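# Examining the three-dimensional arrangement
Residues per chain are reported as follows:
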Amino acid sequence: MLPETGSTPPSPQPLDSEPGRLLARLIAIDSVNPDLVPGGAGETAIADFCDEWLAARGFEVHRVERRPGRPSLVAIAHGTGGGRSLMLNGHLDTVSLADHDGDPLEPRIRDGKMFGRGTFDMKGGIAAMMVAAARAAAHAPLRGDVNLASLDRLTDILTGTIADFCS
């Protein structure tokens, strides 16, 4: 975990695999859902970052953008075949930046916990899934695939996964 400070320094390497620093990078990316907040940034910037991070670790990354500025990603680490696959699924968007105590895009550590917009819903989960998937794929040849779905919206997440990637 990162040392406790007023704010979290940026990662020395943009594609750092340490979960706390990866989470800090994700928090710093504005990904406000424009369906919830008119003019919200959408998920393009965070999808671009996740795409680059996963591709650098050997994942085959597929991008679906049914609506402009609202991309979803599926990253696949192919297994050797004959095994069961694992899918980790989360969403990239956040709610409004308003009503946040401090700068919502500046990750802060206080009392051993990281704070910032999306930390608990769902950028912490996305960071954990990215690191877990990358570590699983890197340690040994797996028989099954490791799939990571990072979707554009919280609403209808399962329906969106099926519609975007299974049809």
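Refer to the structure presented above.
So, a few notes on the structure that sits alongside this text. Note that the structure is a prediction, hence the values are computed from the model and not measured.

Let us now look at the packing of helix α1 (residues 19-27) against helix α2 (residues 44-55). For any two helices packed against each other, the geometry is given by the interaxial angle and the distance between the axes. Where α1 meets α2, the axes come as close as 10 Å, and the angle between the chain directions of the two elements is 150°. Looking at the two axes, α1 sits roughly antiparallel to α2. For the pair formed by α1 and α2, the contact residues are Leu22, Arg25 and Leu26 on the first element and Ile46, Phe49, Cys50 and Trp53 on the second. Looking at the contact of α1 with α2 residue by residue, the classes come out as 6 nonpolar, no polar and 1 charged.

Counting across every chain of the model gives 1 aromatic pair. Lying across the ring of Phe115, Arg110 places its NZ or CZ 4.3 Å from the centre.

Glancing now at the environment of Ile126. Here Ile126 shows up in helix α3 (residues 119-139). Residue classification places Ile126 among the buried residues on the basis of a relative accessible area of 2%. For the pair Ile126 and Asn89, spaced 37 residues apart in sequence, the C-alpha to C-alpha distance is 8.2 Å. Once you skip the residues sitting within four places of it in the chain, Ile126 turns out to touch Leu26, Cys50, Gly90, His91, Leu92 and Ser150.

Quick notes on the rules
- Residues numbered from 1 in each chain as written.
- Predicted model: local features only at pLDDT ≥ 70, side-chain atom pairs only at ≥ 80, totals over all residues.
- Heavy atoms only, no water.
- Axes fitted to C-alpha atoms, helices over the stretch in contact; angles between N-to-C directions.
- Helix = DSSP H or I, 4+ residues; strand = E, 2+ residues; numbered from the N terminus.
- Parallel < 35°, antiparallel > 145°, perpendicular 65-115°, else oblique.
- Contact = heavy atoms within 4.5 Å.
- Nonpolar A, V, L, I, M, F, W, Y, C, P; charged D, E, K, R; others polar.
- Phe/Tyr/Trp six-rings, centres within 6.5 Å; stacked < 30°, edge-to-face > 60°.
- Lys NZ or Arg CZ within 6 Å of the ring centre and 35° of its normal.
- Buried < 20%, exposed > 50% of the residue type's maximum accessible area, 1.4 Å probe, protein only.

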